[in-house]
Amino acid sequence: MRRFSKGIILLSFFLLAACSKPRQIAVNGAPLHEPSKTAILQEGSLFFRGLDGKHLDLSDTPNPYDNVVFVVTAGKHVIGAMNIQGGHIVMPEDLRCYKIKADLQPGMEYMIAEDKERHLAYVKRKDNGVRIATAKPFETQVAYSGGCNWK
């Protein structure tokens, strides 16, 4: 019975964590609590790694399983992203690096993702799923080669 109670408590904790509001991380000085000046960017099947030619420090990019979103100023940006490695360790997927030019509207939430079959990155609005920008890889490297050349 005691083991059952601990299981219920753990399950409740995980459900609460999953439903909690995501932690917001401001990028390049974006004001966190001014939605009229900012847009929200969430990682989907791409890792967010840079904005407007400035590489994000890995200490600013949390564990990909954390519940976080990135706050950026509204307007035109170049989003640096790389695909999430998939596949088997013996036959890993290549690393694809993208620079996606997008015009982010104030107060909107967006997701960055990849069409893995077509090797196409995109930014889509979360409210209606409409893709507002797409990009082909600017660089492809063998898996585990280190990272993208953002310069």
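Student: How would you sum up the packing of aromatic side chains? Please name residues and give values.
Tutor: Two descriptors summarise a pair of aromatic rings, namely the distance from one centre to the other and the angle between the planes of the rings. Inspection of every chain in the model, using the stated rule, returns one aromatic pair. When the ring of F48 is compared with that of F70, the centres are 4.9 Å apart and the planes differ by 65°; the resulting orientation is edge-to-face. With F48 in strand β3 (residues 46–51) and F70 in strand β5 (residues 68–73), the pair connects residues that are 22 residues apart, well separated along the chain. F70 carries the same exposure label as F48, and that label is buried. Over the aromatic face of F138 sits the side chain of K99, whose NZ or CZ is 4.7 Å from the ring centroid. Positioned above the aromatic ring of Y122 is the side chain of R131, whose terminal nitrogen or guanidinium carbon lies 3.6 Å from the ring centre.

Student: Go over the pairing of strand β7 (residues 95–104) with me, naming the residues and quoting the values.
Tutor: On a regular strand, one side chain projects to one face of the sheet and the next to the other, so that they alternate. Counted residue by residue, β7 has seven buried out of 10 residues, so it is predominantly covered. Examined bridge by bridge, strand β6 (residues 75–83) and β7 share eight bridges and lie antiparallel to one another. Pairing of I79 across the sheet is with I100, part of β7. Pairing geometry for β7 and strand β11 (residues 139–141), over three bridges, is antiparallel. Residue R96 lies in a different strand from β11, and its bridge partner there is T140.

Student: Which residues make up the nonpolar core, and what are the values?
Tutor: Of all hydrophobic cores here, the largest spans 24 residues; its most connected members are F48, I79, I100, I112 and V123. Contributing elements (two or more residues each) for this core: β2 (38–43), β3, β5, β6, β7, β8 (109–115), β9 (120–125) and β10 (131–135). Of all the elements, β7 adds the most residues to this core, at four residues. F47, C97, C148 and W150 belong to the second largest nonpolar core, which has six residues in total.

Student: How would you summarise the sheet that holds strand β1 (residues 23–26) if you had to cite specific residues and measurements?
Tutor: Reading across the sheet, the six strands line up as β1-β5-β2-β8-β9-β10 and stay open at both edges, with mixed pairing between neighbours. Looking along the sheet, the strands with just one partner apiece sit at the ends: β1 and β10. Here the average twist between neighbouring strands, direction ignored, is 30°. Direction of pairing for β9 relative to β10: antiparallel, over a ladder of four bridges. Looking at the pairing, K124 lines up with R131 of β10.

Student: Could you give an account of the confidence of the model for the protein chain, with specific residues and numbers?
Tutor: Any residue range with low pLDDT should be treated as having predicted coordinates unsuitable for detailed reading. Averaged over all residues, the pLDDT of the protein chain is 84; the fraction at 70 or higher stands at 78%. In the predicted structure, residues 10–17 sits below a pLDDT of 50 and forms one contact with residues beyond four places in sequence or in another chain.

Student: So what's going on with the state of the cysteines? Which residues, and what values?
Tutor: Under the definition given, this model contains one disulfide. C97 shares a disulfide with C148; S-S distance 2.0 Å. Measuring handedness by torsion sign, the sulfur bridge of C97 and C148 sits at about -90° and is left-handed. Residue C97 is found in strand β7, and its partner C148 is found in the segment after β11; the two are separated by 51 residues along the sequence.

Thresholds, definitions, all that
- Residues numbered from 1 in each chain as written.
- Predicted model: local features only at pLDDT ≥ 70, side-chain atom pairs only at ≥ 80, totals over all residues.
- Heavy atoms only, no water.
- Phe/Tyr/Trp six-rings, centres within 6.5 Å; stacked < 30°, edge-to-face > 60°.
- Helix = DSSP H or I, 4+ residues; strand = E, 2+ residues; numbered from the N terminus.
- Buried < 20%, exposed > 50% of the residue type's maximum accessible area, 1.4 Å probe, protein only.
- Lys NZ or Arg CZ within 6 Å of the ring centre and 35° of its normal.
- Pairing = 2+ DSSP bridges.
- Core = buried A, V, L, I, M, F, W, Y, C linked by side-chain atoms within 4.5 Å.
- Axes fitted to C-alpha atoms, helices over the stretch in contact; angles between N-to-C directions.
- pLDDT = per-residue confidence, 0-100.
- Contact = heavy atoms within 4.5 Å.
- Disulfide = S-S within 2.5 Å.

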